[in-house]
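# Descriptive analysis of the structure
Each chain is listed here by its residues.
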Amino acid sequence: MVAKSVQELKAYCLKSLQEHEITDTPDLEARLLMQKATQMDQLQQILHSDDLLTQEQIDTLHHLLEQRLASIPMAYILKEKEFYGRTFFVDQRVLIPRPDTEILVETALNFAKTRETPPNIIDVCTGSGCVGITLSCELGYDVTLSDLSDEALQVSDINARSLLGHPLILLKGNMLSPAQQKYDIIVSNPPYLTKAWCDEVSLDVQKEPRLALEGFGEDGLDCIRTLIQQSLSHLQCDGALIMECDYRQVEEIKRLMIEKGFAKVEAVFDLAGLERVVWGILPCTNNC
Ligand code: GLN
C-alpha cells in the first residue's frame, strides 16, 4: 500500500474487493475494514478523509483486507455479528448467527409467553449462544446452553457474560445427553445440511465450522433424529421442541415428530418466505 490517507486507503480496499469479486457489498466492507483498523466510524471517515493513517493502522488494515480477500467472512474479521438487536462476539470457533434464525427465537418466545410460570429452557447446539442468550435477555431469566464443542462453549460463555452480565449453565455433550433434567422448551438450531449441500456452500460459509453445519445421514437429519428421540425423555408435560431446519426437510421432520407422539406439529416461515422452523408439543399423556 502506497497511499496513506483514509480516502485513498478506502478506495484501495474497495478496488481490491471488487477485483477479487469477494462480495456484493464492497463499499460497506471497505468502510467496515477501515473502521476496524482506525476506530473511525462512517461519519469520521468522511470528515477526516484526508487524514493520514499511522503505519500501524496501515499494517492492520492490510492484514484485515488480506483475510477478506481469502474469503474469511466479515463477521470473523470484525469479531462480531448482530443478532436480534444485540452484538455477539464471534470467531472461527462458531457458526455466524443468521437473520433467519431470529424466527426460531420468536417461536420460542411466543410459546414461552403462553405458559403460566416461566418455562425452563435449554438451547441445544448453542454455538455462539445467540439463540439461548437472546431468549434469556428477552425473558429476563436464565436459559441453559449445550454444545458438543468445547470451543463453541468458550464463545457462548463470553457472550453470556458480556450480554447478561453473568455466566449461564453450560453443558458439554451430544445434544441432550449431558442434561440431567426435563425442560419446558428445547430449542435448537442443530447442524442439518446434507454432505452435498455442505460441499456446495459459498467460500465464506466453507470457513465456518463443518461440525455446526453438517447434519449427517443422507438427508442431513441424523442430528435432528437424535434430538427428537432424546427430547422424549427430556421434555416436561406439554413442553415444546422447537428446531430450525431447511425447508426441504420440513415434511420429514413433521412426520418424525408425529410418529414419536408430538402434537400440534407445525412449521413457521422465515423472512425469505421459506419454512424454516418446525415445532410441536409433547402431550402429557405421552411422558408424564
Ligand atoms: N445456535 C447457533 C446459531 O443458531 C449455532 C448453531 C449450530 O452450531 N448449528 O447460530
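Below, the structure is looked at part by part.

## Here we look at the pairing of strand β8 (residues 263–269)
Direction of pairing for β8 relative to strand β9 (residues 275–282): antiparallel, over a ladder of five bridges. Its bridge partner being in β9, V268 is matched across the sheet by V277. Counting the residues that bridge the hairpin from β8 to β9 gives five residues, and of these G273 lies at a positive phi of roughly 80 degrees.

## Concerning the pattern of salt bridges
One pass over the full model with this rule turns up 20 salt bridges. For E29, the salt bridge goes to R68, with nearest N and O atoms at 2.7 Å. With E29 in helix α2 (residues 26–38) and R68 in helix α4 (residues 55–69), this pair connects stretches of sequence that are 39 residues apart. Look at E29 and you get buried, because its relative accessible area is 7%. Look at R68 and you get buried, because its relative accessible area is 2%. Where D246 meets R248, a salt bridge forms, and the shortest distance between an N and an O atom there is 2.8 Å. Residue D246 is classed as buried on the basis of its relative accessible area of 8%. Residues participating in the shared-partner salt-bridge network are D100, E244, D270 and R276.

## Side note on the site of the ligand
Close to the ligand lie L95, P97, T101, C125, T126, G127, C130, V131, N189, P190, P191 and A212, which account for all nearby residues. With respect to the ligand, the backbone of A212 contributes an N or O atom lying 2.9 Å from a nitrogen atom. In isolation the ligand exposes 290 Å². Once the protein is present, 98% of that is buried. One can see that the ligand is located within the second largest pocket. In terms of residue class, the shell around the ligand is built from eight nonpolar, four polar and no charged.

## Some points on the state of the cysteines
A full pass over the atoms with the stated rule returns one disulfide. The partner cysteine of C237 in its disulfide is C284, sulfur to sulfur 1.8 Å. Sign of the S-S torsion, about 90 degrees for the bond between C237 and C284, identifies this disulfide as right-handed. With C237 in strand β7 (residues 235–244) and C284 in helix α14 (residues 284–287), the pair connects residues that are 47 residues apart, well separated along the chain. Residue classification places C237 among the partly exposed residues on the basis of a relative accessible area of 25%. Assessed through its relative accessible area of 30%, C284 is described here as partly exposed. The closest cysteine sulfur to the non-disulfide-bonded C130 is located on C137, 12 Å from its own sulfur.

## Structural notes on the layout of surface pockets
Estimates place the volume of the largest pocket at around 630 Å³. Broken down by secondary-structure element, the contributors of at least two residues to the lining of the largest pocket are α2, α5 (74–78), β1 (80–83) and α10 (203–206). The element best represented in the lining of the largest pocket is α2, accounting for five residues. In terms of residue class, the lining of the largest pocket is made up of 10 nonpolar, four polar and nine charged. Empty space within the second largest pocket amounts to approximately 430 Å³. What lines the second largest pocket is a set of 31 residues, and nearest its centre among them are C125, G127, D147, L211 and A212. Residue assignment for the lining of the second largest pocket shows that the elements contributing at least two residues are α7 (130–139), α8 (150–164) and α11 (210–213). Split into classes, the residues belonging to the lining of the second largest pocket amount to 17 nonpolar, eight polar and six charged.

Calculation criteria
Residues numbered from 1 in each chain as written. Predicted model: local features only at pLDDT ≥ 70, side-chain atom pairs only at ≥ 80, totals over all residues. Heavy atoms only, no water. Pairing = 2+ DSSP bridges. Helix = DSSP H or I, 4+ residues; strand = E, 2+ residues; numbered from the N terminus. Salt bridge = Lys/Arg side-chain N within 4 Å of Asp/Glu carboxyl O. Buried < 20%, exposed > 50% of the residue type's maximum accessible area, 1.4 Å probe, protein only. Near = heavy atom within 4 Å. Polar contact = N/O pair within 3.5 Å; in protein donor to acceptor, adjacent residues only side chain to side chain. Areas by Shrake-Rupley, 256 points an atom, 1.4 Å probe, with all protein chains shown as cover. 1 Å grid on protein atoms, 1.4 Å probe; cavity = no way out; pocket = protein on both sides within 12 Å on 5 of 7 lines; lining within 4 Å. Sits in = over half its atoms within 2 Å of the grid points. Nonpolar A, V, L, I, M, F, W, Y, C, P; charged D, E, K, R; others polar. Disulfide = S-S within 2.5 Å. Points joined across faces, edges and corners; volume = space filled by probe spheres on them.

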